[in-house]
Structure formats: C-alpha cells, structure tokens
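Chain and residue survey
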Amino acid sequence: MIHLHHSPGTAAMAPHIVLEELGIPFELVPIDKDGGELQSAAYRQLNPNGLIPVLVDGDVVLYETAAICLHLADTHPGGALLPALASAERAHAYKWLSWLSTTLQQALIVYFYPERWASTPEAIAQVKAHAEQKVLVLLEQIDAQLARHGGPWLLGTAYSLLDPYAMMLCRWTRNFAGRKARDFPHIGQWLTRVLARPAVQR
C-alpha cells in the first residue's frame, strides 16, 4: 500500500491528485505540521528537511513533490500521465516540471515566507511584494504556453501530471492582493478544466 504523508494546502496536493488519477490504492497519512510533527525524529527519518510531502511505496521513501509525481507516473505507465519516453514531448515535460518546482514554486515560497530573507517589518513587506510581482511575471509564461498551442492542457492535447502540479501552484495565488492566476485569460479557462476532473474533485 502506498502512503502519502500530507497536510491540506501544502505541496502534497499534486501527488494526491496524481494518485487519484491513477486509481490505485493508497492511504493518506495526515501530518500536524503546526504541532511540531515535522520536527519529530520519526518524520525526519522520512524527510531530513522536515517538509511535506513524503511518499512511502514499499521500500521506496521519497520526498520532493516533483520526484514523487515522476515516480508515480513511471511506475504506473498505464495512467499515461507523461509523454512517451525519449520523445521531444517528454523532454518538454521534464522542462516544465523542473520550472514549476525550481522557479515558480520557489518564488511562491519567498512570498509565503519573506521573513526568511528579511528581518524588519518594512523589509519583509518589500520582499513579499517583490515575490508577488515575480510570480505574476512567471504566470505569464504559463498563459503564453496555453495560448501558443491552443490545447486544453499544459502540454497541449494530453492531460499530464503537470496539470495538477501547475494548478496547485496557481491555487497558492488565491490570496494575492492584486491579480491572481485565475485572472489570466488562458490560465483561468485551463484551471476550470483541471478543477472539473473527477480525480481533482475527489
């Protein structure tokens, strides 16, 4: 049985949706991230960084959301959540997944935790404002990608693990002071399609 250590609203959402899409048995293991569980010795054995999510699949213990999603897609190829191996489409899927996890997600982390980069209230507010503007610039790339190919999903005609991953990050902008991901014309339509999928609804 696959176990996904998770907490609502965290980066566990993407692998949770991927598991639902694949239709395979799994169990959610709730983590009390505000109650100190992330710092416990037991959890640090699973993820020494003390972050969510963690996937336990038999003897395989994985952290990092992108790695978990790739593992699930690779071990369940019938779900067709990635393009064919060694294809140009697969290469672009890797590119977008890397960009989502190392560029957009990290900019959002700065937005949510500005105190890690500044110490005074004024500096913290400035860091947060700059991070919000950076995220909006990055969202323009997703909007342009959707406009360029005109397909229903991030990669074009085929739904992939990139769609729930990108949707999760777009959702994190819902409390932005100004423009949000859903306000971009192509992103807004795409989000409606992603949110309507039965696996996402579940």
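Scroll up a little and you will see the structure.
Notes on the structure in this doc start here. Sequence order as written defines residue numbering, which begins from 1 separately in each chain. Side-chain atom pairs in this predicted model are given and counted only at pLDDT of 80 or more, local residue features only at pLDDT of at least 70, and totals for whole chains, interfaces and linings cover all residues. No hydrogens and no water enter the side-chain calculation; it runs on all heavy atoms of the structure.

Moving on: a nonpolar patch on the surface. A residue counts toward a patch only above 30% relative accessible area and without a salt bridge, and it is joined to like-charged neighbours within 9 Å or, for Val, Leu, Ile, Met, Phe, Trp and Tyr, to nonpolar neighbours within 5 Å. Exposure was quantified through the Shrake-Rupley algorithm and a 1.4 Å probe, taking into account, for residues, occlusion by the shown protein chains and nothing else. Salt bridge criterion: a side-chain nitrogen from Lys or Arg within 4 Å of a carboxyl oxygen from Asp or Glu. Residues Phe112, Tyr113 and Trp117 make up a contiguous nonpolar surface patch of roughly 320 Å² in combined accessible area. Helix numbers and strand numbers start at the N terminus; a helix is a DSSP run of H or I with at least 4 residues, a strand a run of E with at least 2. Tracing the backbone through its elements, the reader meets tryptophan 117 in the loop between α4 (88-112) and α5 (121-149). Here the term buried applies to any residue with accessible area under 20% of the maximum for its type, exposed to any over 50%, and partly exposed to those in between, with areas from a 1.4 Å probe on protein chains only. Tryptophan 117 sits in the partly exposed class, given a relative accessible area of 48%.

Moving on: the pairing of strand β1 (residues 2-6). Across the five residues that make up β1, a large majority, four, are buried. Strand pairing follows a simple DSSP-based rule, namely that at least 2 bridges must link the two strands. For β1 and strand β2 (residues 26-30), the ladder comprises five bridges, and the chain directions are parallel. Note that in β2 the partner of leucine 4 across the bridge is leucine 28. Sheet topology places β1 next to strand β3 (residues 54-57); four bridges connect them, and they run antiparallel. Residue pairing for β3: leucine 4 is matched across the bridge by leucine 55.

Our focus in this paragraph is the pattern of salt bridges. Charged atoms that come close allow side chains of opposite charge to pair. Taken as a whole, this structure holds four salt bridges when the rule is applied. Between arginine 202 and glutamate 20 there is a salt bridge, with its nearest N and O atoms 2.9 Å apart. Taken as a pair, arginine 202 in the segment after α8 (198-201) and glutamate 20 in helix α1 (residues 13-22) lie far apart in primary sequence, 182 residues in all. Residue classification places glutamate 20 among the buried residues on the basis of a relative accessible area of 17%. Two residues, lysine 33 and aspartate 34, come together in a salt bridge whose shortest N-O distance is 3.7 Å. Take lysine 33: its relative accessible area is 33%, and that puts it in the partly exposed class.

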